[in-house]
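Chain by chain, the residues run as shown.
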Amino acid sequence: MAAKKPEDFFRIGAEISDKKAPDKPIDQVWQTRQFEAHLVNPANRRKLTVIIVGTGLAGGAAAASLGEAGYNVLNFCYQDSARRAHSIAAQGGINAAKNYRNDNDSVHRLFYDTVKGGDYRSRETNVYRLAEVSASIIDQCVAQGVPFAREYGGLLDNRSFGGVQVQRTFYARGQTGQQLLIGAYQALSRQVDAGTVKMFPRHEMLELIVVDGRARGIVTRDMVTGAVESHIGDAVVLATGGYGNVFFLSTNAMGCNNTANFRAYRKGAYFANPCYTQIHPTCIPVHGTNQSKLTLMSESLRNDGRIWVPKKAEDCTKDPRQIPEEDRDYYLERIYPSFGNLVPRDIASRQAKYRCDEGLGVGPAVTEIDPDGNERQVRRGVYLDFAEAIGRLGKDAVSAKYGNLFDMYAQITGEDPYSTPMRIYPAVHYTMGGLWVDYDLSSNIPGLYVCGEANFSDHGANRLGASALMQGLADGYFVLPNTINDYLADALSFPKVSQDAPEVVEAVTAVKDQIDKLLAVDGERTVDSFHKELGSIMWEYCGMERREEGLMTAIQKIRELREEFWQNVKVTGVNEDFNQTLERAGRLVDFFDLGELLCIDALHRRESCGGHFRAESQTEDGEALRDDKNFLYVGAWEYGGEGGKPILHKEPLVYKAIELKQRSYK
């Protein structure tokens, strides 16, 4: 019988809590935890092996740090080089509470802005630690030679990002992620040369090995030869990024996936807050049905670019340069005078959608189905205009700040943003949900640690700009190396695990069986056609706005699509070769189940908060309306077994250092 109400889709489990954060004043929690954690002496570190999956800022920094500490590190990535991790695509900057601009910034203000920006749905102990170590990140990166921009006196320059009223974002033009990743890659390469880190490029993790309740290894597929291999260690660290590609069209690279995280979920790791998906407001709009990804335009552009739409629908097809100032609606400046164009991403994204829904969007018209099932013609774009900044600063100054971003826009669209306003529209970008971790970054499976975007811990229901790079490097350089020791201090007493242990053989067999199953279907539809259809379902029913009826429809559609996939997908080629179709098919299997879980999480959370916007829960002026009485918790989901219902565990959120209040940027 089909489910009739939200509660039919899941079961309620036990309440959970984070027991690793000491009960101390917020500014003493991290230093107390560091002191209380057990240590591993250098001679014993050489006897221990840590497996790290991912080589981005979180994974690369963790591998370099643990290698430098003397552990044996096995570092895996599906790219041909660690330098191709998706962290390289980050553009705008990295936050740190240095107060270089003398504008009253502080660790506490960065902490407050981040919790408020996440709409009071993050764990405050983790966020305060992130703010605490932020300054050390900048010092480390400068020492590595990262070429941050500098101001006239020689100090590092700063600019603003959304959701704050200070300038704390350090940047390297529009290439900050690239420069930070090169710094981490240098540190990682040093350890590879020293022999403490062994690299495994072109190896994709397809299973987690759990022995006696502990994470002890992974199963990988060599993406060149097809060889399925098991790797054993004393602890496993997942730093594999987010799951935005469940929507198919996103700002993520096509290879980004959630398989490592989701295989851990199936082995018992809790998946927290999957419905918290960030929509980035400044992306190049969709321009064709054959598009495979979307292009991010850095939020830093909102420092000098002004966002507007025509006030009259008849002006939407005009050359924007011919629309007089009095006929333009700079709607963010009008609605949010205190923050203007620098409101948080979720708010800027929804306001752009509202303008377009009202018939004031710009760009080519597309046909859509409205919530009532009727066809409508809509223009999905708003203007990001630099005319005022060029007039005030000069073209050369604007080019010095944003030149590479302007060049990228011109190459993709064929339009000159120096003379014509950019057209932008929101797109799926970052995912705040991820595997549940405690204060030590440990999942509920002993020995399994999760870093960076792969965990849920720091951003709540919305990520403020320039904080992803901050979290990745904080976790990799400063947090994990100080917390994993507490677990590894006892690791020498763990029983040795052999390659022929039953748990290892079972994990390897499961991977091979799924590969064989995918190759045996021999249907008629391509993998990408299924992925596109899944993405369309996710965007329509669980994108920028969610409704109960739509979410229940989405769950049913996903289940039907998954069933058709296993009957009619066409996976060409063989396993014993380089086979990208097989790779994408395996990832899509996990995206189906993740998409369903994401919709169930969104369905159960009958409130709006940050990037999770339920149409039934909004203020009179269309802002997100939280329900702290009923939903002040982390939703941590446990796998319910094949065909079973996921189990919801609730971690209550306790705020001692910050007062809960309705978020306002007006």
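Computed from a predicted structure; not experimentally measured. (Residues numbered from 1 in each chain as written. Predicted model: local features only at pLDDT ≥ 70, side-chain atom pairs only at ≥ 80, totals over all residues. Heavy atoms only, no water.)

K.L.:
Describe the packing of helix α7 (residues 259-266) against helix α16 (residues 580-604), listing the residues and the values that go with them.
P.N.:
Orientation of α7 relative to α16, taken along the N-to-C sense of each, is 65 degrees, at an axis distance of 10 Å. Classified by chirality, the crossing of α16 by α7 is left-handed. Contacts between α7 and α16 involve Thr 259, Phe 262, Arg 263, Tyr 265 and Arg 266 on the former and, on the latter, Gly 586, Arg 587, Val 589, Asp 590, Asp 593, Leu 594 and Leu 597. Here the residues of the contact of α7 with α16 are counted per class, giving five nonpolar, two polar and five charged. (Axes fitted to C-alpha atoms, helices over the stretch in contact; angles between N-to-C directions. Helix = DSSP H or I, 4+ residues; strand = E, 2+ residues; numbered from the N terminus. Left-handed = near helix turned anticlockwise from the far one by under 90°. Contact = heavy atoms within 4.5 Å. Nonpolar A, V, L, I, M, F, W, Y, C, P; charged D, E, K, R; others polar.)

K.L.:
Any chance you could break down the pattern of salt bridges for me, citing the residues and the numbers?
P.N.:
Two side chains with opposite charge may pair up if their charged atoms get near one another. Tallying each qualifying case throughout the model produces 60 salt bridges. One salt bridge connects Lys 20 with Asp 440, and the closest N-O pair in it is separated by 3.7 Å. Of the two residues, Lys 20 sits in the loop between β1 (11-12) and α1 (29-36) while Asp 440 sits in the loop between β19 (434-435) and β20 (448-450), which places them 420 residues apart along the sequence. When its relative accessible area of 27% is taken as the criterion, Lys 20 is described as partly exposed. Residue classification places Asp 440 among the buried residues on the basis of a relative accessible area of 1%. For Arg 266, the salt bridge identified is with Asp 590, shortest N-O distance 2.6 Å. Of this pair, Arg 266 sits in helix α7 while Asp 590 is found in helix α16, placing the two residues 324 residues apart along the sequence. Taking relative accessible area as the criterion, Arg 266 reaches 23% and is therefore assigned partly exposed. The network of salt bridges with common partners includes Asp 119, Arg 121, Asp 346, Arg 350, Arg 605, Glu 607, Arg 626, Asp 628 and Arg 663. (Salt bridge = Lys/Arg side-chain N within 4 Å of Asp/Glu carboxyl O. Buried < 20%, exposed > 50% of the residue type's maximum accessible area, 1.4 Å probe, protein only.)

K.L.:
Go over the pairing of strand β13 (residues 306-310), please, and point to the residues and values.
P.N.:
In terms of residue burial, β13 counts as a mostly covered element, since four of its five residues are buried. Pairing of β13 with strand β17 (residues 382-385) involves three bridges; the strand directions are antiparallel. Bridging from a neighbouring strand, Arg 306 pairs with Asp 385 of β17. By the bridge criterion, two bridges tie β13 to strand β14 (residues 328-329) in an arrangement that is antiparallel. By the bridge assignment, Val 309 is partnered in β14 with Asp 329. (Pairing = 2+ DSSP bridges.)

K.L.:
Tell me about the sheet that holds strand β8 (residues 214-222), and please be specific about residues and values.
P.N.:
The strand order across the open sheet built from three strands is β7-β8-β9, with neighbouring strands paired in antiparallel fashion. Either end of the sheet is taken by a strand with one partner, and the two such strands are β7 (203-211) and β9 (228-232). The average undirected angle you get between the axes of adjacent strands in this sheet is 25 degrees. Pairing of β7 with β8, which is carried by eight bridges, proceeds in the antiparallel orientation. Bridging from a neighbouring strand, Ile 209 pairs with Gly 217 of β8.

K.L.:
I'd like a description of the domain arrangement of the protein chain, backed by residues and values.
P.N.:
Each domain of the protein chain was delimited in the assignment, giving domain 1 (27-278 + 430-493), domain 2 (279-428) and domain 3 (501-633). Here domain 2 and domain 3 have C-alpha centroids that lie 29 Å from each other. The interface is formed by 15 residues belonging to domain 2 together with 12 residues belonging to domain 3. Interface area for domain 2 against domain 3, summed over the two sides, is near 1,000 Å², with a carbon-plus-sulfur share of 56%. At the boundary of domain 2 with domain 3, the tally comes to zero salt bridges. Inspection of the domain 2/domain 3 interface yields three residue pairs in polar contact (both at pLDDT 80 or more). When residues in the side of domain 2 that touches domain 3 are grouped by element, the largest group, seven residues, is from helix α9 (residues 345-357). In terms of residue class, the side of domain 2 that touches domain 3 is built from eight nonpolar, four polar and three charged. (Domains from an automatic or database assignment. Buried area = accessible area lost by both parts, 1.4 Å probe. Polar contact = N/O pair within 3.5 Å; in protein donor to acceptor, adjacent residues only side chain to side chain.)

K.L.:
Residue-level account of the packing of aromatic side chains, with values.
P.N.:
Working definition: an aromatic ring pair is given by the centre-to-centre distance plus the angle between the planes. The tally for this structure, following the rule as stated, stands at 27 aromatic pairs. Note on Phe 10 and Trp 637: the rings are 5.4 Å apart at their centroids and 90 degrees apart in plane angle, and the pair reads as edge-to-face. Note that Phe 10 is positioned in the segment before β1 and Trp 637 in strand β21 (residues 633-638), a separation of 627 residues in sequence. This pair shows no difference in class: Phe 10 is buried, exactly as Trp 637 is. (Phe/Tyr/Trp six-rings, centres within 6.5 Å; stacked < 30°, edge-to-face > 60°.)

K.L.:
Quick one: what's the story with helix α6 (residues 176-194), residue by residue and with numbers?
P.N.:
End to end, α6 covers 28 Å across 19 residues, agreeing with the expected 27 Å (1.5 Å per residue, within 8%). Those residues of α6 not exposed but buried are Thr 176, Gly 177, Gln 179, Leu 180, Leu 181, Gly 183, Ala 184, Leu 188 and Gln 191. A positive phi of about 90 degrees marks Gly 195, the residue just after α6. (Expected span 1.5 Å × (residues − 1).)

K.L.:
I'd like a description of empty space enclosed by the protein, backed by residues and values.
P.N.:
The full count for this structure, using the stated rule, is six cavities of 30 Å³ or more. Lining the largest cavity we find Glu 204, Leu 206, Arg 221, Arg 263, Val 511, Gln 514, Ile 515, Leu 518, Leu 582, Glu 583, Gly 586 and Arg 587. Of all the secondary-structure elements, those providing two or more residues to the lining of the largest cavity are β7, α13 (502-521) and α16. Mapped onto the domain boundaries, the lining of the largest cavity takes at least three residues apiece from domain 1 (27-278 + 430-493) and domain 3 (501-633). Put simply, the second largest cavity is a space of about 80 Å³. Around the second largest cavity, the lining residues are Asn 245, Met 254, Gly 255, Cys 256, Asn 257, Asp 528, His 531, Arg 584, Arg 587, Leu 588 and Phe 591. In terms of residue count, the dominant contributor to the lining of the second largest cavity is α16 (four residues). Looking at the lining of the second largest cavity residue by residue, the classes come out as four nonpolar, four polar and three charged. Split by domain, the lining of the second largest cavity shows at least three residues from each of two domains, domain 1 (27-278 + 430-493) and domain 3 (501-633). (1 Å grid on protein atoms, 1.4 Å probe; cavity = no way out; pocket = protein on both sides within 12 Å on 5 of 7 lines; lining within 4 Å. Points joined across faces, edges and corners; volume = space filled by probe spheres on them.)

K.L.:
Which residues make up a negative patch on the surface, and what are the values?
P.N.:
A cluster of like negative charges, contributed by Asp 513, Asp 516, Glu 576 and Asp 577, occupies part of the molecular surface. Looking at the secondary structure, you find Asp 577 in the loop between α15 (548-568) and α16. (Patch = residues over 30% accessible without salt bridge, like charges linked within 9 Å, V, L, I, M, F, W, Y side chains within 5 Å. Areas by Shrake-Rupley, 256 points an atom, 1.4 Å probe, with all protein chains shown as cover. Lys, Arg positive; Asp, Glu negative; His and termini not counted. Charge placed at Lys NZ, Arg CZ, Asp CG, Glu CD.)

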